[in-house]
Structure formats: C-alpha cells, structure tokens
Amino acid sequence: MDLVENFVNNNNVTGKDTLEILEAHRKSFRWSKEERVLDIGCGPGDATANVILPSLPEGSVLVGCDISDGMLETCKRHVVNGRLTFKKLDIQQKWLNNGWENESFTKIFSFYCLHWVTDHRQAMQNVYTLLKPEGEILLAFLTPQNPIYNAFEILKQSPKWNGFMKDIEWFCTTADTTSFYTDLLKSIGFEDIQCYLKTTKHRIPSWTAYIELVKSINPFLRHIPAEMKSEMIGELDEVLKQQDYLGFEEDGGIIVDCNLFVVTAKKN
C-alpha cells in the first residue's frame, strides 16, 4: 500500500476539523453568489470536495492545490466540471508564474498543511498575491505540541537518523506563534487579523491504524534507505507510545489531541 492510499484509508481527522473550523467562521465572512476559492494543501481532495465545496454558494468555483503528484492523481475522482478542479502548487515557491494569476481568488483556505512549510513569509506573501482586494483567508495548521512532532524530535537526536531528518524545522517553532503570525501578516498587508490556538480530540480505531496514518505523513521516510525503513518505523512506534497528547482506550482505540493554530485575515 503506498503512502497516498495509506493516508486516504486511515485519515479521519482533517475532514472533521475542517468542517468545525469552517462553520465557526462562516457567518463572519462576506459571501457573494460567485466566490472563487483556493484550498491550499488539499491532499487527496476528500475534505475539499465533501466539506468545503458544499459550504460555498452555488455559483462558486473551488480550486484545490497540492505539491504532491500522488495526491493530485487521487483528486481526479473528485473533479466537478465548472466547479471543482485541482492544480499543482508549492505555496512557498519564489515565483507564481506557472499558470497562477495574481488577485484571482476571493477566499483562500488551508487546513492541516502549513505546518510543513519552512518559509512562512514567502507562503503568506504568495497567499496575499493570489487573493483579490477585500478577499479573506482561513488557515489552520498543527503546532509543535503534538505527539508526532515530539517523536520526530527525539529520533532526530539519534546519530542513526539525524542525517535523514534535516527538515524538522518545518513546524512553526516560534515561542509565541500568535505574535509571530500576527506581525508577519501585518507586515505583508493583511488586516482584521485574528489568530488563536484550538485543541481538538480525535479517535483512531486502533494503534495499527494510527501508525499507518503516521507513516503516510512522515516526511522523512523518503530519505531513508529501503533496508532501514522498517527499523525507523519500529523506533517511531516505540517513541510515540511514550508521548503526551495520546490516550489509550480499553478496546484498543487511540485518542489524539490535535493542537491547531487558526488564522483569519483580510486583504485591504
């Protein structure tokens, strides 16, 4: 089973939080009959098609984008002619000159994606460039206060794995995320900025399902030689069992605390 299929089969987290966060902010947005919306980091497109699209006014157009060719291939099953399409985009690339028009979206959303970004300034500058004047954004991404990040940090200390884990700084590890992001967005030109922390709880049916989900989003596995992958997964399994933010139920279910950073803002 490849990593994309693993993610599709074992991820029951992102859709629930996407719906909850979107519903919490719907009334504060200004809606027209024909919105043009971008979903950054759409993954396999499930939440894009089943949560975001139904929440939009009937005449709206939604574009999902992702950096992964494998995810975009899976997205093809969700295409709705005239309403929902998918394109490739690295939101932190330096130049948006590959088929993306400036000021072409009235709203830009992103759920469970931006914790993988290394250059948040470039990413937010690109968001600002793609957004129309008076356009609005809604972003939600993981903070480092989660079991997977903590496990990565521990494994990184091992000489065996350190050389393969150069991108752990992807998570936004500032001491004060709220101030950092508020100041960043202000400096780019955003207004009406709101940033807050949110904790949600999710039940994963089994430890095996949880490990399969972790494998599917582990950004370091692609750097690990094939003969060492099972060893790394085994060590990650043991380290995860010792982490905070995880609860274990008698029937084998796992309760995961997801600590999210949520951002809304408007382009002037």
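Starting afresh in each chain, residues are numbered from 1 along the sequence in its written order. For a predicted model such as this one, the threshold for reporting local features is a pLDDT of at least 70, and the threshold for listing and counting side-chain atom pairs is 80 or more; totals across whole chains, interfaces and linings nevertheless cover every residue. Working from all heavy atoms in the structure, the side-chain values ignore hydrogens and water.

**Q** Looking at this model, I keep getting lost on the packing of helix H2 (residues 14–25) against helix H3 (residues 46–55). Mind explaining?
**A** Each pair of packed helices can be described by the angle between their axes along with the distance between the axes. As a rule, the C-alpha atoms of each element are fitted with a line to give its axis, helices using only the stretch in contact, and angles between N-to-C directions run from 0 to 180 degrees. Put simply, DSSP H or I for four residues or longer makes a helix, DSSP E for two residues or longer makes a strand, and each gets a number counted from the N terminus. It is at 10 Å that the axes of H2 and H3 come closest, and there the two elements cross at 15°. Regarding the angle of H2 to H3, the classification is roughly parallel. The way H2 lies across H3 gives a crossing that is right-handed. Together, Gly-15, Thr-18, Leu-19 and Leu-22 of H2 and Ala-47, Val-51, Ile-52 and Ser-55 of H3 make up the contact between the two elements. Gly is put with the polar residues, along with every residue not named as nonpolar or charged; the nonpolar set is Ala, Val, Leu, Ile, Met, Phe, Trp, Tyr, Cys and Pro, and the charged set is Asp, Glu, Lys and Arg. Of the residues contributing to the contact of H2 with H3, the split by class is five nonpolar, three polar and no charged. Every angle not falling under 35 degrees, over 145, or within 65 to 115 is termed oblique; those three ranges are roughly parallel, roughly antiparallel and roughly perpendicular. Put simply, a crossing is left-handed when the front helix is turned counterclockwise from the back one by less than a right angle, and right-handed when it is turned clockwise. By the convention used here, residues are in contact when the closest approach between their heavy atoms is within 4.5 Å.

**Q** Hey, could you run me through the nonpolar core in this one?
**A** Soluble, globular proteins show a tendency: their nonpolar side chains are buried together. Take the buried residues of types Ala, Val, Leu, Ile, Met, Phe, Trp, Tyr and Cys, join any two whose side-chain atoms come within 4.5 Å, and each joined set is a nonpolar core. Accessibility here uses a 1.4 Å probe with only protein chains present; expressed as a share of the type maximum, an area under 20% marks a residue as buried, one over 50% as exposed, and anything in between as partly exposed. With 46 residues, the main nonpolar core has Phe-109, Leu-138, Tyr-210, Met-232 and Leu-240 as its most contacted residues. If near-sequence neighbours (up to four positions away) are discounted, Leu-240 is found in contact with Pro-147, Ile-148, Ala-151, Trp-207, Tyr-210, Ile-211, Val-214 and Leu-246. Residues Val-117, Ala-123, Val-127 and Ile-188 belong to the second largest nonpolar core, which totals 33 residues.

**Q** What is the right way to read the packing of helix H5 (residues 120–130) against helix H8 (residues 177–188) from this model?
**A** Contact geometry of H5 with H8 gives a least axis separation of 10 Å together with a crossing angle of 45°. By the angle class used here, H5 and H8 are oblique. Considering only the axes of H5 and H8, their crossing is right-handed. Contacts between H5 and H8 involve His-120, Arg-121, Met-124, Gln-125 and Tyr-128 from the former and Tyr-181, Leu-184, Leu-185, Ser-187 and Ile-188 from the latter. Among the residues forming the contact of H5 with H8, the class breakdown is six nonpolar, three polar and one charged.

**Q** Explain the layout of surface pockets to me, please; I cannot follow it from the model alone.
**A** Grid points spaced at 1 Å and placed over the protein atoms alone form the basis of the search, with a cavity being a set where a 1.4 Å probe fits but cannot get out and a pocket an open set showing protein on both sides within 12 Å along at least five of seven lines. Lining residues have an atom within 4 Å of a point. Grid points are joined across faces, edges and corners, and a volume is the space filled by probe spheres set on the points. Looking at the second largest pocket, its volume works out to about 180 Å³. Where the lining of the second largest pocket is concerned, the elements lending two or more residues are strand E5 (131–142), strand E6 (190–204) and strand E8 (254–267). With three residues, the single largest contributor to the lining of the second largest pocket is E8. The class makeup of the residues in the lining of the second largest pocket is three nonpolar, four polar and four charged.

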